[in-house]
Amino acid sequence: MKQHTLGRTPLKISSLGLGCMGMSHAYGSPDDPESMRVLHRYVDLGGNFLDTAEVYGPYTNEELIGRFLRETNRENLVIATKFGFHIDPGTRTSTHEDSSPANIRKVCDESLRRLGIDCIDLFYQHRVDPKRPIEEAVDTMSQLIDAGKIRTIGLSEASADTLRRASVIHPIAALQSEYSLWTRDPEPNGVLTASLELGVTFVPFSPLGRGFLTGAIQSVSDIGEKDMRRANPRFQEDAMKENLKLAETIKSLAKKKNCTPAQFAIAWVMAQGTNIVPIPGTKRLKYLEENMSAINITFTPDELTEISETFPLHVFTGARYPESMMSSVNR
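In this text, all values refer to a predicted model and were calculated from it rather than measured experimentally.

Scoring rules and cut-offs
- Residues numbered from 1 in each chain as written.
- Predicted model: local features only at pLDDT ≥ 70, side-chain atom pairs only at ≥ 80, totals over all residues.
- Heavy atoms only, no water.
- Salt bridge = Lys/Arg side-chain N within 4 Å of Asp/Glu carboxyl O.
- Helix = DSSP H or I, 4+ residues; strand = E, 2+ residues; numbered from the N terminus.
- Buried < 20%, exposed > 50% of the residue type's maximum accessible area, 1.4 Å probe, protein only.
- Core = buried A, V, L, I, M, F, W, Y, C linked by side-chain atoms within 4.5 Å.
- Expected span 1.5 Å × (residues − 1).
- Arc of directions from axis to C-beta.
- Contact = heavy atoms within 4.5 Å.

A. Inspection of the pattern of salt bridges at higher detail. Counted under the stated rule, the structure contains 27 salt bridges. For the salt bridge of Arg 164 with Glu 197, the shortest nitrogen-to-oxygen distance reads 2.9 Å. Of this pair, Arg 164 sits in helix 5 (residues 160-169) while Glu 197 is found in helix 6 (residues 191-198), placing the two residues 33 residues apart along the sequence. What makes Glu 197 partly exposed here is its relative accessible area of 49%. For Lys 245, the salt bridge identified is with Glu 242, shortest N-O distance 3.3 Å. In this pair, Lys 245 and Glu 242 are both assigned in helix 7 (residues 237-256), three residues apart and thus about one turn of the helix distant. Accessibility expressed as a relative area gives 39% for Glu 242, which makes it partly exposed.

Here you go:
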């Protein structure tokens, strides 16, 4: 598999990463044995870039990745994890953003322990803390680099302005945000442009529109009762009726390219820039192999123009998060 340089660092990452959140968090019940098979197969197929976070579970996803790392060759893998929330020890729920220096150091040490590694390759601030300057968080992370606990620094759901301010303090290796045909916000808000200008790898999560762009979800009843998408405005019945028309269009365009809707959606994201490394997530082996084949799909300039005109900015109905979650996105 083709590899990319992570930001302006010596680290090399595969052109498709693997988002591991859904293996333990947000999308129904975990299936650890199948997730372990997915992780091993991902590496067999040439992948080396794994994305997790302390809040996934919380904690259980990092523990899953830790078990996997004990079964494989850690040397060639790039492990990304995240801090950024206060997690109530009694309820194990995140209550608010917390990028205090003390919490950053605490999460780093605990993530190292759960993952069973000596150094985190990419340490993201999961959400920008509105109570603290980004400069303070990046300075704290730079101290963790000096201490040998992390290799590189990342931001998640940060604005272009925040990225530029952070980069003054220390080079930022990666910026992670939601990006797909379903969510094209990083284009008009300047994040894609700023990332490219600053030599930052842009890491789109949910390139499949949280599974919607695959065509597998046809009604709210297709979503489990404990699935976070139940509360997502785009998955409400009225919005879904409108959005399904667009999903059908993707299905038709994918058929013309002789690929699946999932492969079509991932390949489109990859085609949007030379510094883009998507991290589609799955806990099912068959979907992993389907997703990984997206690296073989290319588009002509005319095809990209057609797709962009068919799915213009904000064409989908409904916000991408409930307001309680949108309020934590740095815009």
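Moving on from the model shown.
B. How the structure looks around the nonpolar core. One finds Leu 18, Leu 39, Phe 49, Leu 50, Phe 123, Phe 212 and Phe 264 to be the most contacted residues of the largest nonpolar core, which totals 95 residues. Residues Ala 26, Tyr 27, Ala 53 and Val 55 belong to the second largest nonpolar core, which totals nine residues.

C. Quick look at unusual backbone geometry. With an omega of -5 degrees, the peptide bond between Gly 57 and Pro 58 qualifies as cis. Structurally, Pro 58 is set in the loop between strand 4 (49-51) and helix 2 (60-69). Of note in this structure, Glu 157 is not a glycine but carries a positive phi near 55 degrees. Its relative accessible area of 4% is what places Glu 157 among the buried residues. The phi torsion at His 314 lies on the positive side, around 65 degrees, for a residue other than glycine. Relative to the helices and strands, His 314 is located in the loop between helix 10 (301-310) and helix 11 (323-326). You can call His 314 exposed: its relative accessible area is 62%.

D. Spotlight on helix 3 (residues 101-115). Taking 1.5 Å of rise per residue, the 15 residues of helix 3 would be expected to cover 21 Å, and the 21 Å separating its terminal C-alpha atoms lies within 8% of that figure. Inspection of helix 3 places Pro 101, Asn 103, Ile 104, Val 107, Cys 108, Ser 111, Leu 112, Arg 114 and Leu 115 among the buried residues, and these make up the whole buried set. Around the axis of helix 3, the buried residues are gathered within 165 degrees of arc, so they sit on the same side. Turned more than 90 degrees away from the buried face of helix 3 sit Ala 102 and Arg 113, all of them exposed. On its buried side, helix 3 packs onto helix 2, strand 5 (78-83), strand 6 (85-87), strand 8 (120-125), helix 4 (134-146) and strand 9 (150-156). Following helix 3 by one or two positions, Gly 116 adopts a phi angle in the positive range, close to 70 degrees.

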